[in-house]
Structure formats: C-alpha cells, structure tokens
Amino acid sequence: MIIKRALGWVFYASEEPFYFDPEKCGKWMYFTSDAKFAEQLCREAVEQNIVKEAKHTDPMMKKPNLLCCFYLNIDDMQGHKKVIQFFLDHNLISRTKTGKLKKISFKLDRQTEKGEYGSDYVAKLDLSNFLDLTTGKWII
C-alpha cells in the first residue's frame, strides 16, 4: 500500500495499477472525530481491496471532524456494493429515530469541484439505489 500526505489529506492507495475516469470518479464519505479510526478505516478499505484509493483529513490540520473518502467510478456497481457492505460491517451508516438507514449518497468529484454543497448538491446515486432503507436488505 502507498501512503502519502499532501494538501491536508492522508492518501492510501493500492500498489496495483488503477484508473478513475475523471467524469465518473467520486466517493462515499464518512465523518469521524477519531483520527485512529479514520486511519484504520482507510487502510482496511484499501488492504481488503474494497477500494483502490481512500483518504482522510490529515489529523495535523486539527479539525474537529475528519472526512474519510472511499473512491470508485459511479458506474462500478459491484464496487458500490463492496463499499456499502464495508460501511454496514463497520456500523458507519446512521439510523433515523424510526430505525431506518439514513440515505447517504455518493458524490462525484466533479460536483465537489463545482462547489455543489448543501442545497446546491443533488445526489446522482444514494444508498436507496442499493438497499431498502427500512429493512436494510439489498434490492440489487
């Protein structure tokens, strides 16, 4: 595994060659305040071949919350299933008061580059495309 620090991030990448299409590349995200947990998640996701690349906010930036990103192309349906299962296995998806899974979304890098945040952001793919949010069962 290749690990690099740059621009306020810690990157974890597979040593195997991989390619992300700039028009299709995006990430599933998870926020935590625990730097060791962020490192563990990103390392594990790459080591277990869940994703070829992951990153988290560099703890040296002293931010209260660290963002973890798990990268793949939007059309990689098997890859999405692996990431979602990884999230489920690590209890990374919050639930509503009624017990439903929260509808987390996949965000394209192009959307981030265009400054699409908050109400300006519209997900092209989210958890409900893969799981029944009430039962947690796979629908694809």
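What you see is a predicted model; the values in this text were computed from it and never measured.

Caption draft 1: Structural context of the state of the cysteines. Taken as a whole and judged by the stated rule, the model has zero disulfides. In this model C42 remains outside any disulfide bridge; the closest cysteine sulfur is found in C68, 4.4 Å from its own. No disulfide involves C69; its sulfur sits 7.5 Å from that of C68, the nearest cysteine. Overall, the relative accessible area of 1% leaves C69 in the buried class.

Caption draft 2: A look at the pairing of strand β1 (residues 2-6). Pairing analysis gives five bridges linking β1 to strand β2 (residues 9-13), with the strands arranged antiparallel. If you follow K4 over to β2, its bridge partner there is F11. Counting the residues in the hairpin turn of β1 and β2 gives two residues, including L7, whose phi is positive at 55°.

Caption draft 3: Spatial organisation of helix α2 (residues 77-89). For α2, spanning 13 residues, the distance from its first C-alpha to its last is 18 Å, which sits close to the expected 18 Å at 1.5 Å a residue. All buried positions along α2 are accounted for by G79, H80, V83, I84, F86 and F87. In an axial view of α2, the angular spread of the buried residues amounts to 155°, which keeps them on one side of the axis. Looking at α2, the residues exposed on the side facing more than 90 degrees away from the buried face are Q78 and D89. If you follow the buried residues of α2, they end up packed against β3 (25-32), α1 (35-47), β5 (66-73), β6 (105-108) and β7 (125-126). N91 sits one or two residues past α2 and shows a positive phi near 55°.

Caption draft 4: Summary view of the environment of F31. Within the secondary structure layout, F31 lies in strand β3. Each C-alpha atom, one on F31 and one on C69, is 8.9 Å from the other, the two residues being 38 residues apart in sequence. Ignoring any residue separated from it by four or fewer positions in sequence, one finds F31 in contact with L66 and L67.

Caption draft 5: Up close: the sheet that holds β1. The antiparallel open sheet is built from seven strands, whose spatial order is β1-β2-β4-β5-β3-β6-β7. In this open sheet, the two edge strands, each paired with only one partner strand, are β1 and β7. Sheet contacts for α2: β3, β5, β6 and β7; angle to β5, the most-contacted strand, approximately 155°.

Caption draft 6: Expanded view of the pattern of salt bridges. Under the counting rule described, the total for this entry stands at eight salt bridges. In this structure, E23 engages R110 in a salt bridge whose closest nitrogen and oxygen atoms are separated by 2.9 Å. Of this pair, E23 sits in the loop between β2 and β3 while R110 sits in helix α3 (residues 109-113), placing them 87 residues apart in sequence. The salt bridge partner of E113 is R110, with a shortest N-O separation of 2.9 Å. Here E113 and its partner R110 are both found in helix α3, three residues apart, which amounts to about one turn of the helix. Through salt bridges that share partners, E23, R110 and E113 make up one connected network.

Cut-offs used in this document
- Numbers given for residues are sequential positions, taken from 1 along each chain in its written order.
- Only residues with pLDDT of 70 or above have their local features reported here, since the model is predicted, and side-chain atom pairs are shown and tallied only from 80 upward, although totals for entire chains, interfaces and linings are computed over all residues.
- Side-chain measures were taken over the full set of non-hydrogen atoms in the model, leaving aside hydrogen atoms and water.
- Any cysteine sulfur atom paired with another within 2.5 Å is treated as part of a disulfide.
- Burial classes follow relative accessibility: with a 1.4 Å probe on protein chains only, a residue under 20% of its type's maximum area counts as buried, one over 50% as exposed, and anything between as partly exposed.
- Should DSSP find at least two bridges between two strands, the strands are regarded as paired.
- By definition, any uninterrupted DSSP run of H or I lasting at least four residues is a helix, any uninterrupted run of E lasting at least two residues is a strand, and each is numbered from the N terminus.
- To estimate the expected span of a helix, subtract one from its residue number and multiply by 1.5 Å.
- Our arc is simply the arc of the directions from the helix axis toward the C-beta atoms.
- Whether two residues are in contact is decided by their heavy atoms: any pair within 4.5 Å suffices.
- Axis geometry follows a simple rule: fit a line to the C-alpha atoms, using only the stretch in contact for helices, then measure angles between N-to-C directions, giving values from 0 to 180 degrees.
- By salt bridge we mean one thing: a side-chain nitrogen of Lys or Arg within 4 Å of a carboxyl oxygen of Asp or Glu.

Function cannot be inferred from these measures alone, as they are strictly geometric.
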